[in-house]
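Per-entry structural report
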Amino acid sequence: MAKDLDQLAVDTIRALSMDAVQAANSGHPGTPMALAPLGWLIFSELRRHDPKAPDWAGRDRFVLSCGHASMLQYSLLHLTGYDLSLDDLRRFRQWDSKTPGHPEVFHTPGVETTTGPLGQGIANAVGMAMAARHLQRRFGAELFDHHVWTIASDGDLMEGVAYEACSLAGHLKLGQLIVFYDDNDITIDGRASLALSEDVDARFAAQGWHVQFVADGNDLAALRAAALAAKADPRPSLIRVKTIIGWPAPNKQDTPDAHGAPLGAAEISATKAAMGWPDEAFVVPAELAAATQAVMQRGAEARAAWEAKREAWAAKSPADAAALDEALSGRLPQGWEDALASFPADAKGTATRNTSGKLIAALAEKVPFFVGGSADLTGSNKTKIAGADFRADQTGAPRTVFWGIREHGMASAMNGMALHGGVVPFGATFLVFADYMRPALRLAALMGLPTRYVLTHDSIGLGEDGPTHQPIETLASLRAIPGFTVLRPADANETREAWIAAMRCAGPAALVLTRQDVPTLDRTTHGAAEGVHRGAYVLKDAEDPQVILVGTGSEVHLALEAAATLAAEGVRARVVSMPSWELFAAQPKAYRDEVFPPAVRARVVVEAAARFGWERWIGDGGYVTLDRFGASAPAEELYEKLGITAARVVEEAKRLL
């Protein structure tokens, strides 16, 4: 094979992509084939990375937003010296392999985020650039001058989440973000022009991006020149690259047939013949060892230089160095919980969103890498924190993000911030609008990211805004996400403990909070609020209880009222506050049986939300829940009209007894 090393590497990527998809009888060969030159240029030359230290903090990040082209990334990781063997490539898309169908972070060394659902990757990349901005402003550009290299497809840019995130990136002038747009004009259905006719370049220019065009995706010199120009520009950059999907397959190139299915043995043989390549599977020429070694050496030298720079900086600023170590590790400062106040009993009380606002302010003061904000509901969600805001021209370390009306972009960018490291991100909106965030919430759970969500206006208790804003099924749908922790506190002190529990969660956690005031309970006569950490606890007990009344959030107070009524009638009722199903399910069976004794089958739940899922805890018990949408009226009237009352709880308890 008389080829230069670059061309040899490009052809190897193309051949490996065809072979792996064919062996799996599943996958997407065409895009990796078309993007092989660009991918090789990024990994072998443009990107600052060390294959032997994939998590090095000073590295450039890489996001393959079009995750279906995963064989491009796996081939690049293998050829540049990451811990991904040729046997791993042979096991593409197989059980327990390191090469799943779409890239998965924390599963494959060198993969920076989980992509596949289109649009998520590019929005993650925006979040990575935001985290980099925070670190740069806090600790200095000398240490955090890295870039976020991203490859996105037509499909990525059609998704609404990409528009939301990229609009914010342009507004904030996130110059560390460089996106290559693979303009191949092919989707599964056919030509992209079936559904897309906008001027993408003009769209990004209007959003404040630096925009370039490379007419031939095989032209390494043109790609290199565009990348260097992008690095020199203070704006985020979009480089539109014209490619031919499936190149150089003689019969299937530039067709949907090259997109989402194996090329077939005959087409692979014909393609390899056109490339001057052996008609064998999984060939990696020995000559490429020199290129692999060169990438690894360059990466090791870049990391050593960065570490030396960091050590010199640390020697001059030991306190800042300790703060940086803390931020990068995600380790919360010692005693951070002590900064969160407890609250005295108060019959009138306050909305749990108000309490949360005070706790967020206290958290932010104690945890300087706690960063976030609201999707245009700052005053309602109570999320403003002290310090600089994220702006294009800010000089201090930015803390508050004004996400705008971009809930999906917010949640996806938060994932990128968490993946980048150095910050603990939070975002806020009304609970009902969590539906806008759903794909990103699911991915946060899939990746196990420490993202925090403040979801206020949690029920019909928000009142007059009516059924469009009153969440009914939303709680159940969030609880259905594996690995996602939902916390719905009943009063101010439960809200304090809920924030502590959320910050301790390894994965994503949401606080679900009231708009309306709720009493702050007297903890000398009620169970300790620390019971929140076990998910459910006995709030008010009775000797040898006949019935258990279970509530969450604002409805806990209805359960307490019902228990008092039942006690006056000689019925012994235990009241259980259950702010988190997930935390309770994680408790030992002995504790769960202590809270819900198996012998006490009479159980009633009261929650101003859908019944769905409560059967796990209540069985054939009584349900004071909602099976319809709400209405526009004052909150007190809604609770009465829709039957979410203490009287209904009493009625259900008596029915069971």
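Figured I'd write up the structure that's included with this text. (Residues numbered from 1 in each chain as written. Predicted model: local features only at pLDDT ≥ 70, side-chain atom pairs only at ≥ 80, totals over all residues. Heavy atoms only, no water.)

1. Brief notes about unusual backbone geometry
Glycine aside, residues mostly have negative phi angles, and peptide bonds mostly take the trans form. Between Trp 247 and the following residue, Pro 248, the backbone shows a cis peptide bond with an omega angle of 5°. Here Pro 248 lies in the loop between strand S7 (237-242) and helix H10 (265-275). Even without a glycine there, the phi angle at Asn 25 is positive, about 55°. One non-glycine residue, Asp 96, lies in positive phi territory at about 65°. Along the polypeptide, Asp 96 turns up in the loop between helix H4 (86-90) and helix H5 (120-139). (Helix = DSSP H or I, 4+ residues; strand = E, 2+ residues; numbered from the N terminus.)

2. With respect to the pattern of salt bridges
Scanning the model with the defined rule gives 34 salt bridges in all. With a shortest N-O distance of 3.5 Å, Asp 83 and Lys 98 are connected by a salt bridge. With Asp 83 in the loop between helix H3 (70-79) and H4 and Lys 98 in the loop between H4 and H5, the pair connects residues that are 15 residues apart, well separated along the chain. With a relative accessible area of 54%, Asp 83 lands in the exposed category. Measuring nitrogen to oxygen at the nearest pair gives 2.8 Å for the salt bridge that ties Arg 191 to Asp 254. In this pair, Arg 191 is assigned in strand S5 (residues 190-191) and Asp 254 in the loop between S7 and H10, connecting sequence segments 63 residues apart. On the basis of relative accessible area, Arg 191 is assigned to the partly exposed category, the value being 33%. (Salt bridge = Lys/Arg side-chain N within 4 Å of Asp/Glu carboxyl O. Buried < 20%, exposed > 50% of the residue type's maximum accessible area, 1.4 Å probe, protein only.)

3. Describing the sheet that holds S7
Taken together, five strands build an open sheet; the order of strands is S1-S2-S3-S7-S6 and the sheet is parallel. Each edge of the open sheet is held by one strand with a lone partner, namely strand S1 (61-64) and strand S6 (210-214). Each adjacent strand pair in this sheet contributes to an overall mean axis angle of 15°, direction not counted. Taken together, the six bridges between strand S2 (residues 148-153) and strand S3 (residues 177-183) define a ladder with parallel strand orientation. Across the sheet, Trp 149 pairs through a bridge with Ile 178, a residue of S3. The strands that H5 touches are S1, S2 and S3; relative to S2, the one it contacts most, it runs at about 160°. (Pairing = 2+ DSSP bridges. Axes fitted to C-alpha atoms, helices over the stretch in contact; angles between N-to-C directions. Contact = heavy atoms within 4.5 Å.)

4. Section: the packing of aromatic side chains
The description of two aromatic rings rests on the distance between their centres and on the angle between their planes. Going through the model one piece at a time under the given rule, you end up with 16 aromatic pairs. Centre to centre, the rings of Phe 204 and Trp 209 are 5.0 Å apart; their planes meet at 90°, and the pair counts as edge-to-face. The exposure classification of Phe 204 matches that of Trp 209, with both residues buried. Each ring, one from Phe 370 and one from Phe 426, has its centre 4.6 Å from the other, and the planes form 25°; the classification is stacked. A residue pair is termed long-range when its members are at least 10 positions apart, and Phe 370 in strand S9 (residues 370-374) and Phe 426 in strand S12 (residues 424-430) qualify at 56 residues. The buried category is assigned to Phe 426, whose relative accessible area is 0%. One aromatic cluster is present, formed by Phe 584, Tyr 591, Phe 596 and Trp 617 through successive ring pairs. The ring of Phe 43 has Arg 47 lying over it, and the distance from NZ or CZ to the ring centre is 5.1 Å. The ring of Tyr 623 has Arg 611 sitting right over it, with the charged end atom 3.7 Å from the ring centre. (Phe/Tyr/Trp six-rings, centres within 6.5 Å; stacked < 30°, edge-to-face > 60°. Lys NZ or Arg CZ within 6 Å of the ring centre and 35° of its normal.)

5. A closer look at the pairing of strand S20 (residues 603-610)
Along a regular strand, successive side chains alternate from one face of the sheet to the other. The buried fraction of S20 amounts to eight of the eight residues, a majority that puts the element mostly inside the structure. Judged from the four bridges that link them, S20 and strand S21 (residues 622-626) form a sheet pairing that is parallel. Considered in S21, the bridge of Val 604 is made with Gly 622.

6. Focus on the sheet that holds strand S19 (residues 573-577)
Taken in spatial order, the five strands make up an open sheet running S17-S19-S18-S20-S21, and their pairing is mixed. For this open sheet the edge positions go to strand S17 (537-540) and S21, each flanked by a neighbour on one side alone. When strand polarity is set aside, the average angle formed by the axes of neighbouring strands in this sheet is 25°.

7. Things to note about the layout of surface pockets
The volume enclosed by the largest pocket comes to roughly 590 Å³. Taken together, the elements giving at least two residues each to the lining of the largest pocket come down to helix H12 (318-329) and helix H15 (407-420). Looking at side-chain class alone, the lining of the largest pocket contains 17 nonpolar, eight polar and five charged residues. Taken together, the elements giving at least two residues each to the lining of the second largest pocket come down to strand S16 (518-520), helix H19 (556-568) and helix H23 (635-641). Among the elements that take part in the lining of the second largest pocket, H23 stands out by supplying four residues, more than any other. The residue inventory of the lining of the second largest pocket, partitioned by class, reads six nonpolar, five polar and seven charged. (1 Å grid on protein atoms, 1.4 Å probe; cavity = no way out; pocket = protein on both sides within 12 Å on 5 of 7 lines; lining within 4 Å. Points joined across faces, edges and corners; volume = space filled by probe spheres on them. Nonpolar A, V, L, I, M, F, W, Y, C, P; charged D, E, K, R; others polar.)

8. Considering the nonpolar core
Counting residues in each nonpolar core, the largest one holds 81 residues, and the members touching the most others are Phe 370 and Leu 549. With residues up to four places along the chain from it excluded, the contact list for Phe 370 reads Ile 360, Leu 363, Ala 364, Ile 385, Arg 399, Val 424, Phe 426, Trp 499 and Met 503. Judged by nonpolar contacts, the second largest core, of 62 residues, contains Val 63, Val 423, Leu 441 and Ala 609. (Core = buried A, V, L, I, M, F, W, Y, C linked by side-chain atoms within 4.5 Å.)

9. Some details on empty space enclosed by the protein
Where empty space is left can be seen by rolling a probe of water-molecule size over the atoms. Applying the stated criterion to the full structure yields one cavity of 30 Å³ or more. Each pocket or cavity is described by its volume, and for the largest cavity that value is around 40 Å³. In terms of lining residues, the largest cavity is bounded by Arg 14, Ala 34, Asp 216, Gly 217, Asn 218, Lys 242, Thr 243, Ile 244 and Trp 247. The residue inventory of the lining of the largest cavity, partitioned by class, reads three nonpolar, three polar and three charged.

10. Describing the state of the cysteines
A full pass over the atoms with the stated rule returns zero disulfides. Free of any disulfide, Cys 166 has its nearest neighbouring cysteine sulfur in Cys 66, separated by 14 Å. (Disulfide = S-S within 2.5 Å.)

11. Side note on the packing of helix H11 (residues 288-316) against H12
Orientation of H11 relative to H12, taken along the N-to-C sense of each, is 125°, at an axis distance of 5 Å. Regarding the angle of H11 to H12, the classification is oblique. Together, Arg 310, Trp 313, Ala 314, Ala 315 and Lys 316 of H11 and Pro 318, Asp 320, Ala 321, Leu 324, Asp 325 and Leu 328 of H12 make up the contact between the two elements. A class-by-class count of the residues in the contact of H11 with H12 yields seven nonpolar, no polar and four charged. (Parallel < 35°, antiparallel > 145°, perpendicular 65-115°, else oblique.)

12. Let's talk about H3
Within H3, ten of the ten residues are buried, which leaves the element mostly enclosed by the surrounding structure. Buried within H3 we find Ser 70, Met 71, Leu 72, Gln 73, Tyr 74, Ser 75, Leu 76, Leu 77, His 78 and Leu 79. Contacts made by the buried residues of H3 are with helix H1 (5-24), helix H2 (30-46), S1, H4, S2 and H11. Once H3 ends, the next one or two residues include Gly 81, with phi positive near 100°.

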